[in-house]
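# Chains, contacts and geometry: an overview
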Amino acid sequence: MQGPGADLQVLQRCLCCLSCCFVTLLFENVPYGRYSTSKYGFPVNAKVAWFIQELPAFLVPFSLLVWTSSARTSLLPNQLLIAMYFCHYVQRALIYPFLIRGGKPTPFVSFALAFVFCVYNGYMQIRYLSHYAVYPAHWFTHPCFITGSVLWFTGWLVNVHSDHILRNLRQPGESGYKIPTGGMFEYVSGANFLGEITEWVGFALAGHSVHSAAFAVFTAVVLASRAVAHHKWYLAKFENYPKQRKALIPFLF
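Residues numbered from 1 in each chain as written. Predicted model: local features only at pLDDT ≥ 70, side-chain atom pairs only at ≥ 80, totals over all residues. Heavy atoms only, no water.

Rules: UniProt positions are given in the numbering used here, feature names are shortened, and annotations may be inferred rather than shown by experiment.
Under the annotation held in an unreviewed UniProt entry, the chain carries the name 3-oxo-5-alpha-steroid 4-dehydrogenase and is attributed to Takifugu rubripes. In its Sequence similarities (unreviewed entry) section, the UniProt entry covering the chain states "Belongs to the steroid 5-alpha reductase family."

Written out as structure tokens, the structure reads:
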């Protein structure tokens with residue numbers, strides 16, 4: 001795809017995907033992990049699924065930067081935003097999958113949809129930042145950029161730390177589910193989801209574009225739904241589940 005017209009088509013498809021996803025999540029949990037079901041296709045090993053489905057979010061943008069004329073990458077605000085994006089996906093695509101312990105297989109349909117999303121979203125975000133995004137010379141000192149960057153970094157830390165807590169809930173040889181504790185799990189059931197939503201909201205605030213905003217909204221819709229489902233599941237499964245803990249937003253929701 002070349003030119004702004006093609007990029008607009010990518011954005012329109014992502015917004016269409018967002019609308020479909022929102023409607024679907026009103027009736028169905030995202031079918032992976034504890035909500036896996038055979039009606040969405042044959043199972044794919046959890047590590048294999050995470051690695052393959054997230055890899056395009058790294059490789060497609062990397063290819064854009066290396067093999068196309070990226071006129072905007074010499075500008076500091078663009079560089080910083082691109083660095084935020086890659087910091088997340090280096091961890092998510094190249095590190096996180098190999099740290100997974102066990103994990104239920106992912107139904108093929110969920111795996112395939114995640115793969116397609118990562119292709120389109122990776123292209124959309126980095127194509128815009130590397131070819132079209134124009135910011136004021138001192139945008140990186142603007143309150144929106146500073147606030148967004150702080151939110152992004154805070155969310156990234158919460159997300160990585162929460163994943164670490166979840167990975168270490170079980171001792172070697174143990175199976176079954178346990179109540180996560182520590183970090184933001186003391187306040188919400190979906191601490192890892194809260195971290196990732198905060199990341200991309202911060203990214204959208206710093207990036208100030210419809211592309212980054214669409215990504216933030218999509219992430220919030222999908223992960224908020226999953227956080228609520230997890231919270232209800234924990235309350236139903238564990239009689240001693242902390243009653244003061246909320247689903248996603250500390251003290252509120």
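## Quick word on the UniProt feature "transmembrane region" (unreviewed entry) in the chain
Our working definition: Helix and strand labels come from DSSP, where a helix needs a run of H or I of at least four residues and a strand needs a run of E of at least two; each type is numbered from the N terminus.
Following the UniProt record, the feature "transmembrane region" (unreviewed entry) maps to residues 48-68, 80-100, 106-123 and 135-158 here. End C-alpha atoms of residues 48-68 are separated by 29 Å, and the span's content is 95% helix alongside 0% strand. The span residues 80-100 is 95% helical and 0% strand by assignment, and the distance between its end C-alpha atoms comes to 29 Å.

## A few points about helix α3 (residues 76-99)
Applicable threshold: Helix span is expected to be 1.5 Å times the residue number reduced by one. Bend is computed residue by residue as the angle between axes fitted to the seven residues ending at the residue and the seven residues starting at it.
For α3, with 24 residues, the first-to-last C-alpha span of 33 Å sits near the 34 Å given by 1.5 Å per residue. Helix geometry: α3 is bent most strongly at arginine 92, by close to 35°.

## Quick notes on the pattern of salt bridges
Threshold: Each salt bridge in this description consists of a side-chain nitrogen of Lys or Arg and a carboxyl oxygen of Asp or Glu lying within 4 Å of one another. Buried, partly exposed and exposed residues are distinguished by accessible area as a fraction of the type maximum, computed with a 1.4 Å probe on protein chains only: under 20%, between the cut-offs, and over 50%, respectively.
For the structure shown, the criterion picks out two salt bridges. Two residues, aspartate 163 and arginine 92, come together in a salt bridge whose shortest N-O distance is 3.5 Å. Remark: arginine 92 occurs in helix α3 and aspartate 163 occurs in helix α5 (residues 143-167); sequence separation between them is 71 residues. Here arginine 92 falls in the buried class, since its relative accessible area comes to 5%.

## Some words on the packing of helix α4 (residues 108-132) against helix α7 (residues 210-237)
Condition: The axes are straight lines fitted to the C-alpha atoms, using for helices just the contacting stretch, and the angles between their N-to-C directions are given from 0 to 180°. The contact criterion used throughout is that any non-hydrogen atoms of two residues lie within 4.5 Å. Residues are grouped as follows: Ala, Val, Leu, Ile, Met, Phe, Trp, Tyr, Cys and Pro are nonpolar; Asp, Glu, Lys and Arg are charged; all remaining types, including Gly, are polar.
Between α4 and α7, the shortest axis-to-axis distance is 9 Å and the interhelical angle comes to 145°. Residues Phe117, Asn121, Met124, Gln125 and Tyr128 of α4 lie in contact with α7, whose contacting residues are His211, Ser212, Phe215 and Phe218. Of the residues that constitute the contact of α4 with α7, the class distribution is five nonpolar, four polar and no charged.

## As for the nonpolar core
Within soluble globular proteins, side chains that are nonpolar generally end up buried alongside one another. Worth spelling out the cut-off: The criterion is simple. A nonpolar core is a set of buried Ala, Val, Leu, Ile, Met, Phe, Trp, Tyr and Cys residues joined through side-chain atoms within 4.5 Å.
Judged by nonpolar contacts, the single largest core of 40 residues is most densely connected at Leu81, Tyr85, Leu129 and Phe203. Broken down by secondary-structure element, the contributors of at least two residues to this core are α2 (46-67), α3, α4, α5, α6 (191-207) and α7. No other element matches α6, which puts eight residues into this core. If near-sequence neighbours (up to four positions away) are discounted, tyrosine 85 is found in contact with Ala57, Pro61, Gly122, Gln125, Ile126, Trp200 and Phe203.

## Section: the side chain of glutamate 54
Put simply, the rule reads: The charge count treats Lys and Arg as positive and Asp and Glu as negative. His and the chain ends do not count.
One can find glutamate 54 in helix α2. Although glutamate 54 is buried, it makes no salt bridge; arginine 92 carries the closest opposite charge, 5.2 Å away. Ignoring anything within four residues of it in the chain, the contact list for glutamate 54 reads Tyr89, Arg92, Ala93 and Cys118.

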